[in-house]
Each structure stands twice: as C-alpha cells, then as structure tokens.
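Understanding the architecture of this molecule
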Amino acid sequence: MTMILSTDVVTRRFGSFTAVDAVSVEVGAGEVVGLLGANGAGKTTLIRMMLGLLAPSDGAVTLFDGPPDLPRRARLGYVPQNLGLYRDMTVAENLEFSAHAYGGSAPALPPELADSADTLVGDLPLGTQRRVAFLVALAHTPEALVLDEPTSGVDALSRARLWDTIREQADRGAGVLVTTHYMEEAQQCDRLLLMSNGRLVAAGDEDDIIGDTHTIAVHCPDWTRAFAALNDAGVPVILAGRAIRVPDIDEQKLRTVLTSAGIEARLDTVRATIEERMLTLARGSNQ
Ligand SMILES: Nc1ncnc2c1ncn2[C@@H]1O[C@H](COP(=O)(O)OP(=O)(O)OP(=O)(O)O)[C@@H](O)[C@H]1O
C-alpha cells in the first residue's frame, strides 16, 4: 500500500502542556482510518501538524513523499471542524473561490444543492453546509482526504450520505483520515487509531482494539439503586439506557460492592464495546 500521510514520533507542546506526545501513525492509499479520542485528546492538533498548518515541537511529518508544504497540501482535501467556508459568500461563490485557489474550475452542484447555489453559506442548515464543504474539498480530486468530525451535528440520513461519499473516495484510491465521536462511524473505518491525553493508546481494527477486554452487565430490578451504589463506591459504571455495565473489572470486587449495599444482582460477563475499551484505555493513560 502506498503511504500517503505519516507521522514519526511527532510531539507538540503548548508551553509546558503536551497536546500530542510522540505519536507515529500512517494512512495508506485507499483506506479509511478513523482517529478516535475524547475531547482534548489531541486529534485536531495531530491533524494540523500532518497538514503542515502547525509545526511539530519534535518528530517529523510526511505527506506523500516529503514535508507537508504548500504544493503537497494542494493534492489533499481537508474539511476542518469549522468547515472552512466563507459564510458571507454564496455556495456558488465558495466553490468558484476554492476552484480558483486550486487552479481548476468549480464543480457542478449536485441536484440536492442546486437550489442553494445563490444562498449565503451562513444561512444554510449545518447538514447542507457540510455537503458544500465536502464538495469544496473534493473538487480537485484529492489523493488524500482529512476530515475533522465531518458529520457532527447532522441528521442520520445526511450522515449516511456523507459516509457513502467517504467510502467512494477511498474506493477510487484516496487515503482518508477521519475523526469522529460516533461509534457506529468508527465501525465503518478500515482501521482505527485511538488517542488519549495526547498519546496513541491503541491501533488496529475493532477486534484488535477490544482484544479480550470484558464488561460485566449488572441485572437487577432496582437499577437506579445499583447504579448509585456502584457510583458512590467509585466503580467506573456506565449506564446504557437502563442497562448497567462495568468494563474491565474483577467480578468478585463488583459483587462485594453490591452485596455490602444490600443489592442482589445477576452478573453477566460480556465482551466490551469499543466505547468501553476507549474508556478503560483513557483511564490507563491518566495514571
Ligand atoms: N493553540 C493552543 N494553545 C494551547 N493549548 C492548545 C492549543 N491548541 C490545542 N490546545 C490544547 O491541546 C489539547 C488537545 O486539543 P485538540 O483540539 O487537539 O483535541 P481534540 O482531540 O481535537 O479535541 P476535540 O474532539 O474537542 O476537537 C487540548 O487540551 C487543547 O486545549
């Protein structure tokens, strides 16, 4: 696989704070790589270094075959978290402006955006703005695509459409790096990278990342009392609907906490979800 984007032990400090700590990652042609992590984990800082928008404090970044300079950056499409559109220009003007910057011609608007050509971007709903940002990023048929939370705040249908577009881009050979907070989107990636507190704490597909991490599902009629008892005892308990789940814990320890609170419960050991594995990894990286 041709490497498109990579970092080699890259670190970024802001004063005495280390936002990205010795991270090495790679994105190859034709793959969709998901970058996951809680707010503040360092995802955007890593992306900005990969794109040459922020200088690393240490380590190196390679885009295509060299440093992420302007000519190499022109071969890439980027949708930042804030979309990077001119809100006080119309959709058509935004497309023309960016086509001009890349030396091409503006793409035709797809039917669902045709009516919005003369609307100011700032007046459009967020989902439509995101489609425009995608169009701008894809207009020059980039060899790599970097998307920072491309679907946040859009409805499920628009999200599915944007994911179709992401997959089409990878299928035609682009390397895609995408950050997301949605686990169902993480499952659509070919590979995942997990960051916590600036560090890369896991990489691989969902199975690699979950490994043999288990969760205990706690079943009892009075789930509110069980939840409160576990929470009060400092057990890292998760409430999924009304289901109580405790990832990565010794069953005996859990049983003891419940029994001493006078709660009878059935405990089932099940495989952890990716979200639960992320929580346990984040706990580990805090220690
Ligand atoms: N220019 C800056 N100066 C100081 N601190 C910064 C700067 N940019 C980012 N940080 C800090 O670095 C940490 C990582 O931020 P970053 O935006 O990379 O996280 P993130 O994983 O992208 O989070 P989110 O999911 O909220 O976008 C945060 O604690 C943030 O406050």
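Residues numbered from 1 in each chain as written. Predicted model: local features only at pLDDT ≥ 70, side-chain atom pairs only at ≥ 80, totals over all residues.

The name given to the protein in an unreviewed UniProt entry is ABC transporter domain-containing protein, and the organism recorded there is Rhodococcus olei.

1. Description of helix 1 (residues 43-50)
Applied cut-off: Burial in this document is a count-based property: other C-beta atoms within 10 Å of a residue's C-beta are tallied, and the residue is buried at 20 or more, exposed at 12 or fewer, or partly exposed in between, with C-beta positions derived from the backbone. The secondary structure listing takes helices from DSSP runs of H or I that are at least 4 residues long and strands from runs of E that are at least 2 residues long, numbered from the N terminus.
Burial runs high along helix 1: 8 of the 8 residues are buried. Lys43, Thr44, Thr45, Leu46, Ile47, Arg48, Met49 and Met50 are the residues of helix 1 that are buried. Gly52, located one to two residues past helix 1, shows a positive phi value of around 75°.

2. Quick word on the pairing of strand 9 (residues 199-204)
Heads up, the rule is: Pairing between strands is defined by DSSP: at least two bridges between them are needed.
Across 5 bridges, strand 8 (residues 191-196) lies against strand 9 in antiparallel orientation. Across the sheet, residue Ser196 finds its bridge partner in strand 9, namely Arg199. Here strand 8 folds back onto strand 9, and the loop between the two strands holds 2 residues, one of which, Asn197, carries a positive phi near 50°.

3. Some words on the sheet that holds strand 13 (residues 266-271)
Rules: Fitted lines through C-alpha atoms serve as axes, helices being fitted only where they are in contact, and the angles separating the N-to-C directions of these axes extend from 0 to 180 degrees. Our contact criterion uses C-beta atoms placed from the backbone: two residues qualify when those atoms are within 7 Å.
Taken together, the 4 strands give an open sheet; going across it, the order is 11-12-10-13, and neighbouring strands pair in antiparallel fashion. Edge strands, defined here as strands with exactly one partner in the open sheet, are strand 11 (238-240) and strand 13. Within the sheet, the average angular offset between the axes of one strand and its neighbour, ignoring direction, is 35°. Direction of pairing for strand 10 (residues 214-219) relative to strand 13: antiparallel, over a ladder of 6 bridges. Across the sheet, the residue bridging to Thr215 is Val270, located in strand 13. Contacting strand 10, strand 11 and strand 12 (243-247), helix 9 (residues 223-232) crosses the sheet at an angle of about 25° to strand 12. Docked against the sheet, helix 10 (residues 251-260) engages strand 10, strand 12 and strand 13, running at close to 150° with respect to strand 13.

4. As for the site of the ligand
What counts here: Placing a C-beta atom from the backbone of each residue, we mark the residue near a molecule or strand if the atom is within 6 Å of it. The residue classification treats Ala, Val, Leu, Ile, Met, Phe, Trp, Tyr, Cys and Pro as nonpolar and Asp, Glu, Lys and Arg as charged. All others, Gly included, are polar.
Phe14, Phe17, Ala19, Gly37, Asn39, Gly40, Ala41, Gly42, Lys43, Thr44 and Thr45 make up every residue found near the ligand. Secondary-structure elements contributing two or more residues to the shell around the ligand are strand 2 (17-28) and helix 1. Ranked by the residues each element gives to the shell around the ligand, the list is headed by helix 1, at 3 residues. By residue class, the composition of the shell around the ligand is 4 nonpolar, 6 polar and 1 charged.

5. As for the sheet that holds strand 3 (residues 32-36)
Pairing is mixed across the open sheet formed by 6 strands, whose spatial order is 5-6-7-3-8-9. Looking at which strands have only one partner, the edges of the open sheet turn out to be strand 5 (76-79) and strand 9. Shown here is a sheet whose adjacent strand axes are inclined to one another by a mean of 15°, direction ignored. Packed on one face of the sheet, helix 1 meets strand 3, strand 6 (144-148), strand 7 (175-179) and strand 8 and runs near 150° to strand 6. Here helix 5 (residues 126-138) sits on the sheet in contact with strand 5 and strand 6, set at roughly 165° to strand 5.

6. Comments concerning the nonpolar core
Rules: As used here, a nonpolar core is made of buried Ala, Val, Leu, Ile, Met, Phe, Trp, Tyr and Cys residues. They are joined through C-beta atoms within 7 Å.
One finds Met50, Val146 and Leu194 to be the most contacted residues of the largest nonpolar core, which totals 55 residues. Ranked by residues supplied to this core, first place goes to helix 5 with 6 residues. Residues within four places of Val146 in sequence aside, it is in contact with Ile47, Met50, Leu51, Leu76, Tyr78 and Leu177. Counting residues in each nonpolar core, the second largest holds 9 residues, with Val218, Leu230, Ile244 and Ala265 among its members.

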